[in-house]
Amino acid sequence: MLDFIKQDKDPETGKVMRKVRSFVLREGRLTTGQRNALDSLWPTFGLERDDGLLNPQAVFGRDAPRVLEIGYGMGQSLAAMAKADPSKDFIGIEVHRPGVGALLMEIEQQNLSNLRSYCDDAVEILELCIPDNSLARVQLYFPDPWHKKKHHKRRIVQPAWVERVRQKLQPGGMLHMATDWENYAEHMVEVMSRMEGFTNLAGNATFSPRPEWRPETKFERRGERLGHGVWDLLYEKR
């Protein structure tokens, strides 16, 4: 397991700077299929930080509306969205290699040409690889809620992250978040209410119905059977 605190050195002082991460990297065991997919499919469908700013013509062969999903888990819902909407190009960012391998398997099995993935830290990929004003939608579904109050600072939805997302969205682009933790949903609303440049599509401080493009996950269905709620938030960049 890697620590959720990244250690970088200040280039001037040489002192270690501690950077809060929104994830803990628990590297689960790769299945044979996932490992084979990473070996054989990553060169075609994988994106690298070192490639720099994304060039859609080079990556997809076109300049279609692009959707970015952060933390797609095992990738089934992201693959389903890409299959359901071939007019858009989809980019996923996932830090866990088993999930990336699983997504690559979905890409091959469903013959998807409009889906690519990074295996990296989403915060840094947003900063280094996604051009400003280039995304039609950013999706953040069921991020780690860091439910203990002392850990709330590790939640990815913070003002600096939202501002970065705003920069990457095109005018009229959408930030779509979903969570099954009510406290995190309230945190999201609170953060967004302080940010300029966004309009809540459901009205001030209210939630949206699940839009048709977001597939319902098996965990979501199980939660609903247990009486757990799910909160969707849709914000448009002005």
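What counts as what
Residues numbered from 1 in each chain as written. Predicted model: local features only at pLDDT ≥ 70, side-chain atom pairs only at ≥ 80, totals over all residues. Heavy atoms only, no water. pLDDT = per-residue confidence, 0-100. Contact = heavy atoms within 4.5 Å. Buried < 20%, exposed > 50% of the residue type's maximum accessible area, 1.4 Å probe, protein only. Helix = DSSP H or I, 4+ residues; strand = E, 2+ residues; numbered from the N terminus. Pairing = 2+ DSSP bridges. Core = buried A, V, L, I, M, F, W, Y, C linked by side-chain atoms within 4.5 Å. UniProt positions renumbered as here; feature names shortened; annotations may be inferred.

**Some remarks on the confidence of the model for the chain**
Confidence along the chain averages 89 in pLDDT terms, with 88% of residues attaining 70 or more. Every residue in residues 1-11 scores below 50 in pLDDT, and together they form 33 contacts with partners more than four places removed in sequence or on other chains.

**Some words on the pairing of strand β8 (residues 169-179)**
A large share of β8 lies buried, amounting to eight of its eleven residues. Two elements, β8 and strand β10 (residues 231-237), share six bridges in a ladder whose sense is antiparallel. Bridge pairing links Thr-179 to Trp-231 in β10.

**Describing the nonpolar core**
Counting 34 residues, the largest nonpolar core has Ile-70, Val-157, Trp-161, Leu-175 and Met-177 as its most contacted members. It is helix α7 (residues 182-193) that contributes the most residues to this core, five residues altogether. Each residue touching Leu-175, except ones within four places of it in the same chain, is listed here: Val-138, Trp-161, Val-165, Leu-169, Met-192, Phe-198, Leu-233, Leu-234 and Tyr-235.

**Observations concerning the UniProt feature "binding site: substrate" (unreviewed entry) in the chain**
Taking the UniProt record as the reference, the feature "binding site: substrate" (unreviewed entry) is found at Lys-148, Asp-180, Thr-217, Lys-218, Phe-219 and Glu-220. Tracing the backbone shows Lys-148 in the loop between β7 (135-141) and α6 (159-168). Residue classification places Lys-148 among the partly exposed positions, given a relative accessible area of 46%. On the accessibility criterion, Glu-220 (5% relative accessible area) is buried.

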